[in-house]
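This is what each chain is made of:
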Number of protein chains: 2
Amino acid sequence: MSKKKEKPIAVSVIKRLPVYYRFLTTLHSKGVERISSSELAEKLGVTASQIRQDLSQFGNFGQRGYGYRVANLKEAIAKILGLDNQMDMVLAGAGNLGKAIINYPNFKRRGFYIKGIFDVNPELIGQEVAGLLVQDISLLADFLTNNRIDIGIITTPPESAVDVADIFVRGGIRGIWNFAPVSLNYSGKVLVENVHISESLLTLSYMIDEKFGSKS
Amino acid sequence: MSKKKEKPIAVSVIKRLPVYYRFLTTLHSKGVERISSSELAEKLGVTASQIRQDLSQFGNFGQRGYGYRVANLKEAIAKILGLDNQMDMVLAGAGNLGKAIINYPNFKRRGFYIKGIFDVNPELIGQEVAGLLVQDISLLADFLTNNRIDIGIITTPPESAVDVADIFVRGGIRGIWNFAPVSLNYSGKVLVENVHISESLLTLSYMIDEKFGSKS
DNA sequence: TAGATTGTTAATCGATTAACAATC
DNA sequence: TAGATTGTTAATCGATTAACAATC
């Protein structure tokens, strides 16, 4: 069953939920029981208004005069983000970046399971990474027909990214988490979340020049 | 010398420049000579208006009735982003993610130079990565006083990220490229660009549930 | 020239912030 | 209760899109 769709929530709001979630997890592990929107805002460098506005899109999680119970709010956000549902994933490209992602420690805790790892490199095929054997990429299409996979992760070089993405889409994947520096366009059929790592370095570089002046 | 500051450019605009740049680089390598804002828009999934609006903040790079010369526009954006200036960087955390970043092939071409790699792990210290020896993190502070470094990269586990960031800031670094899932707050003193990789997975997960319905 | 496409202004749309009544 | 803080409405701010005169 799909969620009740009240009104569509803005993407800008959804992108902030994981930030709140991460910070609440930290607070919770430190034994902090309550927090107000203004305290939270200060720690995260946003406004209290924004936090209350964001949360109010999903329900009433606080108590007037008191604030938010950290444990409750954390769980509420986990629920909103669907972290209580399992998501099955495959990864293509078992280089350093791929391995870094596979070994991310919180995936399982949050319901994300890597079910298969694929690569073209004969030296990597057969290697064990986090308890899985790296398989030949030529087996990917079959793997997807035999397994119901939600998310495909692309950590290949840019040249192969589009081919892999096509296999993912034909294989019935619902979302692509793309780390290759290419623009993937599958309007509507599949959701694509791009993590264009190097682009953020260019942004940083621009802002450094702007703030401190360029070195030349 | 610092750039002429006409009017401050919106961050949202600056974040799109690397996208344009990447795509123009691809076009250029394919031998494409000209492109119109509407063609570019279609390929990138944005509006032609936005592209023209964005570019017009920095100058007039096109020709009415013709469009943009790919080579010219590419170079113009490189200039805006400061890719013709050298940026010296150090990296802390030589695990898989750190190695992935160090080996990114386009850094030098774009003026980004990694000058030092640091870690706490004795097994990594002394290892050679991309022509540099991994050094003990205890040497980082001294390294920064002896070398003029622009950008510090944090690819450590979250527990050590704040300590490393403090060393960076005391060492006179101007920007931090942070991959650790922590919120770094150095309002004003230093620029911080966060790449919270796992947060984008949570966003994707939410949107999949929203679009296709959750599996439960 | 005629057609095409930019650069830019004005209109729209959406997101953030401020403010405050509701209420714990 | 009195003080604090939420949830929510309204006001502001900023970013995107539409439209078109300028012009290659």
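- The name an unreviewed UniProt entry assigns to chain A is Redox-sensing transcriptional repressor Rex, from the organism Iocasia fonsfrigidae.
- A UniProt comment under Subcellular location (unreviewed entry) is attached to chain A, and it reads "Cytoplasm".
- Annotation of chain A in UniProt includes, under Subunit (unreviewed entry), the sentence "Homodimer."

**Notes on the pattern of salt bridges**
Residue and element names in this part refer to chain A.
Consideration 1: A complete count under the given rule lists 14 salt bridges over all chains for this structure.
Consideration 2: Measuring nitrogen to oxygen at the nearest pair gives 3.7 Å for the salt bridge that ties Arg34 to Glu39.
Consideration 3: According to the relative accessible area criterion, Glu39 is partly exposed, its value standing at 35%.
Consideration 4: Two residues, Arg174 and Asp150, come together in a salt bridge whose shortest N-O distance is 3.2 Å. Here Arg174 is found in the loop between α7 (158-170) and β9 (175-178), whereas its partner Asp150 is found in the loop between α6 (140-146) and β8 (151-154), with 24 residues between them in sequence. There is no split in this pair, since Arg174 and Asp150 are both buried.
Consideration 5: Through salt bridges with shared partners, a single network forms among Arg148, Asp150 and Arg174.

**With respect to the domain arrangement of chain A**
Consideration 1: Structurally, chain A comprises domain 1 (11-80) and domain 2 (87-199).
Consideration 2: For domain 1 of chain A and domain 2 of chain A, the distance between their C-alpha centres works out to 31 Å.

**So, the interface of chain A and chain B**
Consideration 1: Listed by partner, the interface residues are 72 residues for chain A and 71 residues for chain B.
Consideration 2: Buried surface at the junction of chain A and chain B, both sides included, amounts to about 6,600 Å², of which 62% is carbon and sulfur.
Consideration 3: Linking chain A with chain B are 2 salt bridges, by the criterion used here.
Consideration 4: A salt bridge links Glu199 of chain A to Arg22 of chain B, with the nearest nitrogen and oxygen atoms 2.8 Å apart.
Consideration 5: The interface formed by chain A and chain B includes 14 residue pairs in polar contact (both at pLDDT 80 or more).

**A word on the protein's contact with DNA strand C**
Consideration 1: Taken together, 26 residues surround DNA strand C, and among them Ser49, Gln53 and Arg64 of chain A together with Ser37 and Arg52 of chain B come closest.
Consideration 2: Near-protein atoms of DNA strand C (within 4 Å) split between backbone and bases, with sugar and phosphate holding 59%.
Consideration 3: Interatomic distance of 3.2 Å between a side-chain N/O atom of Gln50 of chain A and a sugar or linking oxygen of DNA strand C.
Consideration 4: Contact distances for DNA strand C include 2.8 Å between a base nitrogen and a side-chain N or O atom of Arg64 of chain A.
Consideration 5: With 4 residues, the top contributor of residues to the surface near DNA strand C is helix α3 (residues 48-56) of chain A.

**Observations regarding the relation of the copies chain A and chain B**
For the pair of chain copies, the relating operation is a rotation around an axis with a shift along it.
Consideration 1: For the pair chain A and chain B, the best superposition has an RMSD of 0.0 Å and corresponds to a rotation of 180° with a translation of 0.0 Å parallel to the axis. On the angle and the small slide along the axis, the relation comes out as a two-fold axis.
Consideration 2: In this assembly, 99% of the residues forming the interface of chain A have copies in chain B that are likewise at the interface, indicating an isologous arrangement.

Each value, and the rule that gives it
- Residues numbered from 1 in each chain as written.
- Chains lettered and ligands numbered in written order.
- Predicted model: local features only at pLDDT ≥ 70, side-chain atom pairs only at ≥ 80, totals over all residues.
- Heavy atoms only, no water.
- UniProt positions renumbered as here; feature names shortened; annotations may be inferred.
- Salt bridge = Lys/Arg side-chain N within 4 Å of Asp/Glu carboxyl O.
- Buried < 20%, exposed > 50% of the residue type's maximum accessible area, 1.4 Å probe, protein only.
- Helix = DSSP H or I, 4+ residues; strand = E, 2+ residues; numbered from the N terminus.
- Domains from an automatic or database assignment.
- Contact = heavy atoms within 4.5 Å.
- Buried area = accessible area lost by both parts, 1.4 Å probe.
- Polar contact = N/O pair within 3.5 Å; in protein donor to acceptor, adjacent residues only side chain to side chain.
- Near = heavy atom within 4 Å.
- Least-squares fit on C-alpha atoms with pLDDT ≥ 70 in both.

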